[in-house]
Amino acid sequence: MTHQPLLLRIVKEPMAVSLLSVLILAAFLVPMLNLMLPSDSAFHVPSYVVTLLGKYLTYALLALSVDLVWGYCGILSLGHGAFFALGGYAMGMYMMRQIGDRGVYGNAELPDFMVFLNWQELPWYWYGFDSFGFAMLMVVLVPGLLAFVFGWFAFRSRVTGVYLSIITQAMTYALLLAFFRNDMGFGGNNGLTDFKDILGFGLQTDGMRATLFFLSAMAVVTGYLVCRFIVDSRLGRVIVAIRDAESRTRFLGYRVEYYKLFVFTVSAVLAGIAGALYVPQVGIINPSEFSPANSIEIVIWVALGGRGSLTGPIIGALVVNYAKSYFTGALPEVWLFMLGGLFIFSTLFLPKGLVGTKAISDAFEEQRLRLAKFLRPYDYAEGGEGR
Amino acid sequence: MLSKTLAMRWLVVLSVFIGLGFGSSTPAHADEFSDAVQALNADNNTDKAAAIEALSATGDERAATVLSALLNGTLFYRQSDGLVVLSKESGNVTILIDPSTMNEVADVSGSEAKKIRINNKLRGQLKGVLGALTLLSKDADKRQNAADEVFKANDPSMLPVLQKAIARESDPDVKGRMLRAQAAIILEYSEDTAARLKAAQTLGEFTDPDISALLGKIANTSTDPEVKKLAKDMQDSVEGRLAAWSFLGNLFQGVSLGSVLLLAAVGLAITFGVMGVINMAHGEMVMLGAYTTFMVQDVIRTHFPAAFDWSLAIAVPAAFLVTGAVGILVERGIIRWLYGRPLETLLATWGLSLMLQQLIRTLFGPTNQEVGNPSWMSGAIETSTGLVLTYNRIWIIVFSLAVLGMLALVTRKTMFGLQMRAVTQNRAMANSMGIRSGWVDALTFALGSGIAGMAGVALSQIDNVSPNLGQTYIIDSFMVVVFGGVGNLWGTLVGAFSLGIVNKFLEPYAGAVLGKIFVLVGIILFIQKRPRGLFALKGRSVEG
Amino acid sequence: MNKPHASNTILYLDGVSVSFDGFKALNDLSLYVEEGELRAIIGPNGAGKTTMMDVITGKTRPDKGDVIFNGGVDLTQLDEAAIANLGIGRKFQKPTVFENHTVFDNLELALKGHRRPQSSLFFRLSGEQQYRINEVLGIIALTDVHMMQAGSLSHGQKQWLEIGMLLMQDPDLLLVDEPVAGMTDAETEATAVLLKDIAKTRSVVVVEHDMVFVKSLDCRVNVLHEGSVLAEGSLDVVQQNEQVIEVYLGR
């Protein structure tokens, strides 16, 4: 299969095709239904729904990033919320600088919280965040660098399994404590908020909301393609080999730590991008995003959807977060019971997640065979699937 | 705050005592005394200060009653003629008493009496003077407290009384305190270099932050070079000893935090260390233990209030049984299906922790529950050197070590411990020898959970009992187990205490939050060096 | 047993000791394997056979002693990957293949060279490499099942797949830990033939319990006991050794 181009490989999989087409369709259709139809039309999508869906999509990208390390490389990161939050903070810092003198204190030099804390000048690490390009670079670079440094130490010393999970959790917990401190210069407890605009376009405008939704949807599609390219490559086969038999892989001569480091860093970058898209849509970033509980929740999206498949985590993130929005509104008492139950249920009864359940995989397998025969009738005439 | 109000209360008691004991023994000075009392009703504070001085100089025992009334705001004067009177609550009415005769003043109505006002400076003077007056008390404890009051006031006018008291004093400890007060007065106010040098020498033997401050002040301000130098040297020596005491204080804080960590982590050392099960709901087991304590105390409060001091003795086994039973349910219901899949176990137990938290929130509400300290756990040992050892912390240290010791005995000396180790090392072999490994698993998990519950009883004494109690400890307990090395109780002990102590020693320099961050980062780096912890098992079998 | 010079051997272990918490897994072990030699190691459980393999392949660091490969490379300074890339292949006691990969992918992953993550992202199999994989598939008789997941192979097939992966690595020295455990007699016989065939072009060290199999290898044998070599020679010779009879065969 490896010799075929990426798109052709995807086309042979009905589940991936369905999901990606829905995402691409939504990327165009939802903004159009929001912007072009009058608000009393039955097909009009209200702006708050656009933003809500956009938020879910950033979660989907985040879930995808966790799946890449956990589902394919066996690294259960309980600290991916940290990369998400760092990407978000980088975006938040850019938007804080965009406020300029429109803040409560009207100080053009300093964000409001710094004026409030009697800071005299901008800390050096805020330099450059006036520039959109620089901020976008940081969105990618900061989480990537943290993952690289953390991974370099952890993987080189062969910290694996639950030990790795626990220290990733310690990492995000340490960051949580650090960002709570006012003198870190990231707004302390309250974080960064009161954003006005990006590149001069108001955040509250329908156009901006639609654009962010479109970008989020396309980010998920792109994230899928990137992950797909990685897992289908020889590198992808090596990381699965590491997941299944790490020391065997070593004895074959692979430097396991480099492979882990690569996927961990790529994954952190994806999480950072997700965070950067998330913050303008929810309008705030604060230290609670670093809380270990958040990071574990991401894992359950992946587990429920189906790890080790790239469609699973996207579906899982969308399903769980829709349920969360619905139940925290309708039955707030019940939600934590449901979420807790979901953890237990999916680990006990759905080891391969929703997409791995027999009913669903059988249905799609049938579609796949039909499609494959349609595309490459000769392979099937010979009785093999061909490579 | 607390010590201040205590001192006030004490003064009130004292004044009543003196009033009753010596009330009418010295009528000879009646005129001198009543004049001095009358002088307290002066127009300005300077005159009032002089009057206080004069009243105390009379040496009349009734002076203490009047002066403490002045300090407590119960000394009044009659507006018509300025007669100074004491007021006293008697039932709902206030009666006024002539201090000279201790008789009720019949023809004064409450509204005609005006309070004699004092300022903070006078208040300080009053405390010192009252102290000096009680220096001659028969009760050694009162004399000791008085000596400390005089030392704090550091007022040269008290020197004569003080010297008289020193001459009479027989208790060496009280005498030491009096000498300290005397030395402080001499060092600050005397003109005699030799006396001052001797005083500095005397003070240098005490270990007290106030003395260090006084010596520092003299070292900076004195014009006498000899005194200046000696004061400086003595201050350094006091500071040196104070640093040692503060080190001990930090050590105690660290050991105390360590014992809390140990309690929270030792159950994990069983479930994670022995069984390899990552129980993220471990913190919630601790929380359930704390709520069991609350329930036990609730029952005792309403039905057997006299037995309140025994509430913890009942709560410990109760919590063990409750959380142990929950542990069995959890192991049989969830965990046994997930053996060999540690990451899945981690997720499932996390889900369980969310459900338990929400359950408790639904049943008891999200707010903190009131859990009381039995009388033997309240209070503290305090030294003059600033060291405070609270009894509840001391008991928790003892309790944590006892729990660890019991656990070590159970795992090493009992049949159950033997079976537990057999199942961990070779399940198939254990099974074939007739050990029901399923039940051993369940009981081992119950043991770990039960210990968490007992930890909850202890933590309920020092922390808020709320549904989030467990969340506070879960990451720290994992750090302890990972740092100490899995499967090793000794490692857990060393891990808990070293993390506790390091944390408390970092705090003064870095602050609590930053200190904690340093510890976390330290552990993350440590794991790189020793991925299996401080006391790791080595060998082929570990890698699996 | 006279001590050769390190430069004449493919594998040179001299005075190697390893202890775990006071237990001496290897105790002053010395063993020399010459180039192109087939060597069998036997010994009771706990004699240190697997620990010896761990030391050679870099999984365990010896407390003391020399481990020298190919006349001059000090293996104690290298990690598993570096040692594997030097040309030492290892087959585990329990067959370890990548169960979620196909037989073909298992062999492809073992293919010599191409160990860097950067290049593996854009790696394409060349015709020559494809040919080599098919060749090995033929040798280990798994051509028919090459698209099956390795996890669904029989125990014996997994053993052979693992030997096939060793062949793909094209090593100078193969360390083979209990290759015929769980095999039928016919499979055992075939494996002996295969290993003898492999030993024609490279050095092979086989650890095995099965005496019939060791006999059929027809090579020099070392007997390990309590972490050191008790006897060395042909199987017939060591079987006559009284000490060996006492500690191992005679039990």
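Starting afresh in each chain, residues are numbered from 1 along the sequence in its written order. Lettering of chains starts at A and numbering of ligands starts at 1, both following the order in which they are written. With the structure being a predicted model, the display of local features is reserved for residues of pLDDT at least 70 and the display and counting of side-chain atom pairs for 80 or more, all residues being used for whole-chain, interface and lining totals. Neither water nor hydrogens contribute to the side-chain values; these are computed over all heavy atoms in the structure.

**Q** For the pattern of salt bridges, give the residues involved together with the corresponding values.
**A** Salt bridge, as used here: a side-chain nitrogen of Lys or Arg that lies within 4 Å of a carboxyl oxygen of Asp or Glu. Scanning the entire structure with this criterion turns up 41 salt bridges over all chains. Two residues, C:Arg202 and C:Asp170, come together in a salt bridge whose shortest N-O distance is 2.6 Å. One end of the pair, C:Arg202, is in the loop between helix H7 (185-198) and strand E8 (203-207); the other, C:Asp170, is in the loop between helix H6 (155-169) and strand E7 (173-177), with 32 residues separating them in the sequence. Overall, the relative accessible area of 35% leaves C:Asp170 in the partly exposed class. Taken together, the shared-partner salt bridges connect B:Asp148, B:Asp173, B:Arg177, B:Arg180 and B:Asp208 into one network. Helical segments are the DSSP runs of H or I of at least four residues, strand segments are the runs of E of at least two, and each set is numbered from the N terminus. Only protein chains enter the accessibility calculation, which uses a 1.4 Å probe. A residue is then buried if its area is under 20% of the maximum for its type, exposed if over 50%, and partly exposed in between.

**Q** Go over the interface of chain A and chain C with me, naming the residues and quoting the values.
**A** Many authors give the size of an interface as the accessible area that is lost as the parts come together. Note on contacts: a residue pair qualifies if any of its non-hydrogen atoms lie within 4.5 Å across the two residues. The partner chain C presents 37 residues to the 29 residues of chain A that form the contact. Two parts placed together each lose some accessible area under a 1.4 Å probe, and the buried area is that loss summed for both. In terms of surface lost to chain C, no three residues of chain A exceed A:Arg234, A:Arg248 and A:Phe251, which account for 28% of the buried area on that side. Salt-bridge contacts for C:Glu162 lead to A:Arg248; the nearest nitrogen and oxygen are separated by 3.1 Å. As used in this structure description, the phrase polar contact means that two N or O atoms lie within 3.5 Å; if the pair is within protein, one of them must be able to donate a hydrogen and the other to accept it, and residues adjacent in sequence are counted only when both atoms belong to side chains. Taken together, chain A and chain C are joined by 17 residue pairs in polar contact (both at pLDDT 80 or more).

**Q** Account for the nonpolar core, naming residues and giving values.
**A** In this text, buried Ala, Val, Leu, Ile, Met, Phe, Trp, Tyr and Cys residues form a nonpolar core when linked through side-chain atoms within 4.5 Å. Residues B:Phe272 and C:Leu161 are the most contacted members of the largest nonpolar core, which totals 266 residues. C:Leu161 has contacts with C:Val97, C:Val103, C:Asn106, C:Leu107, C:Ile140, C:Leu142, C:Ala150 and C:Leu153, leaving out every residue within four places of it along the chain.

**Q** Outline helix H5 (residues 120-134) of chain B, supporting the account with residue identities and numerical values.
**A** Here H5(B) is 15 residues long and its end C-alpha atoms lie 21 Å apart, about the 21 Å a rise of 1.5 Å per residue gives. The complete set of buried residues in H5(B) reads B:Leu122, B:Gln125, B:Leu126, B:Gly128, B:Val129, B:Leu130, B:Gly131, B:Ala132, B:Leu133 and B:Thr134. Here, expected helix span is obtained from the residue count minus one, scaled by 1.5 Å.

**Q** An account of the sheet that holds E8(C) is needed here, citing residue identities and associated values.
**A** Residues and elements named next belong to chain C. When DSSP locates at least two bridges between a pair of strands, those strands are taken to pair. The six strands lie next to each other as E6-E7-E8-E3-E9-E10, forming an open sheet whose pairing is mixed. Either end of the sheet is taken by a strand with one partner, and the two such strands are strand E6 (88-91) and strand E10 (228-234). Taken over all neighbouring pairs, the strand axes of this sheet differ in orientation by 20° on average, direction set aside. Sheet topology places E7 next to E8; five bridges connect them, and they run parallel. The residue bridging Val176 from the neighbouring strand is Val206, located in E8. Where helices are involved, their axes are fitted lines through C-alpha atoms of the stretch in contact, as for all axes, and angles between N-to-C directions lie from 0 to 180°. Contacts between helix H1 (residues 49-56) and the sheet are confined to strand E3 (38-42), E6, E7, E8 and strand E9 (220-225), with E7 contributing the most and set at about 150° to the helix. Contacts between H7 and the sheet are confined to E3, E7 and E8, with E8 contributing the most and set at about 145° to the helix.

**Q** So what's going on with the packing of aromatic side chains? Residues and values would help.
**A** Pairing of aromatic side chains requires ring centres within 6.5 Å, counting the rings of Phe and Tyr and the six-membered ring of Trp. Pairs whose planes differ by under 30 degrees are stacked, by over 60 edge-to-face, and all others tilted. Evaluated as defined, the whole model comprises 31 aromatic pairs over all chains. Consider the rings of A:Tyr89 and A:Phe290, whose centres lie 6.0 Å apart with planes at 20°: the pair is stacked. You can see A:Tyr89 sitting in helix H4 (residues 80-99) and its partner A:Phe290 sitting in the loop between strand E4 (284-285) and helix H12 (292-305), a full 201 residues away along the chain. Classification of A:Tyr89 as buried rests on a relative accessible area of 2%. You can call A:Phe290 buried: its relative accessible area is 0%. Ring geometry for A:Phe229 and C:Phe122: centres 5.6 Å apart, planes at 50°, overall tilted. Pair noted here: A:Phe229 is in helix H8 (residues 206-232) and C:Phe122 is in the loop between helix H4 (117-121) and helix H5 (127-139), and the two residues belong to different chains. Residue class for A:Phe229 comes out partly exposed when judged on its relative accessible area of 31%.

**Q** So what's going on with the environment of B:Asp171? Residues and values would help.
**A** Residue and element names in this part refer to chain B. Tracing the backbone shows Asp171 in the loop between helix H7 (159-168) and helix H8 (172-189). The exposure class assigned to Asp171 is partly exposed, which follows from its relative accessible area of 25%. Taking the C-alpha atoms as reference points, Asp171 and Ser432, separated by 261 residues in sequence, lie 74 Å from one another. A distance of 2.9 Å separates a polar atom in the side chain of Asp171 from the backbone nitrogen of Asp173.

**Q** So what about the packing of helix H20 (residues 489-510) of chain B against helix H21 (residues 512-529) of chain B? Which residues, and what values?
**A** All names here are of chain B. Where H20 contacts H21, the two axes come as close as 7 Å, and the packing angle between them is 135°. In terms of orientation, H20 lies oblique with respect to H21. When you trace H20 past H21, the crossing you get is right-handed. Contact with H20, carried on its side by Leu499, Val502, Asn503, Leu506, Glu507 and Ala510, involves Ala512, Leu514, Gly515, Lys516, Phe518, Val519 and Ile523 of H21 and no other residues of that element. Under the scheme applied, nonpolar residues are Ala, Val, Leu, Ile, Met, Phe, Trp, Tyr, Cys and Pro; charged residues are Asp, Glu, Lys and Arg; polar residues are all the others, including Gly. Within the contact of H20 with H21, the residues separate by chemical class into nine nonpolar, two polar and two charged. In these notes the angle categories are as follows: under 35 degrees is roughly parallel, over 145 is roughly antiparallel, 65 to 115 is roughly perpendicular, and the rest is oblique. Whether a crossing is left-handed or right-handed is set by the direction in which the near helix is turned from the far one by less than a right angle, anticlockwise for left-handed and clockwise for right-handed.

**Q** Can you break down the interface of chain B and chain A residue by residue, with the values?
**A** Opposite the 38 residues of chain B that make contact, chain A presents 41 residues. A buried area of about 3,700 Å², summed over both sides, lies between chain B and chain A, and 79% of it is on carbon and sulfur atoms. In terms of surface lost to chain A, no three residues of chain B exceed B:Leu343, B:Leu347 and B:Gln528, which account for 17% of the buried area on that side. On inspection of chain B and its partner chain A, the count reaches one salt bridge. Between A:Arg307 and B:Glu344 there is a salt bridge, and its shortest N-O distance comes to 2.3 Å. Summed over the shared surface of chain B and chain A, the number is four residue pairs in polar contact (both at pLDDT 80 or more).

**Q** Can you lay out the side chain of B:Gln125 for me, pointing to particular residues and giving the numbers?
**A** Residues and elements named next belong to chain B. With respect to the helices and strands, Gln125 occurs in helix H5. Relative accessible area serves as the criterion here: at 12%, Gln125 is assigned to the buried category. There is a polar contact of 3.2 Å between the side chain of Gln125 and the backbone oxygen of Ala49.

**Q** Can you lay out the environment of A:Lys324 for me, pointing to particular residues and giving the numbers?
**A** Residue and element names in this part refer to chain A. Inspection of the secondary structure puts Lys324 in helix H13 (residues 311-330). Residue Lys324 is classed as partly exposed on the basis of its relative accessible area, which comes to 28%. Separated by 181 residues in the primary sequence, Lys324 and Pro143 place their C-alpha atoms 27 Å from one another. When neighbours within four sequence positions are excluded, Lys324 is seen to be in contact with Glu297 and Trp335.

Just distances and angles here, no functional claims.
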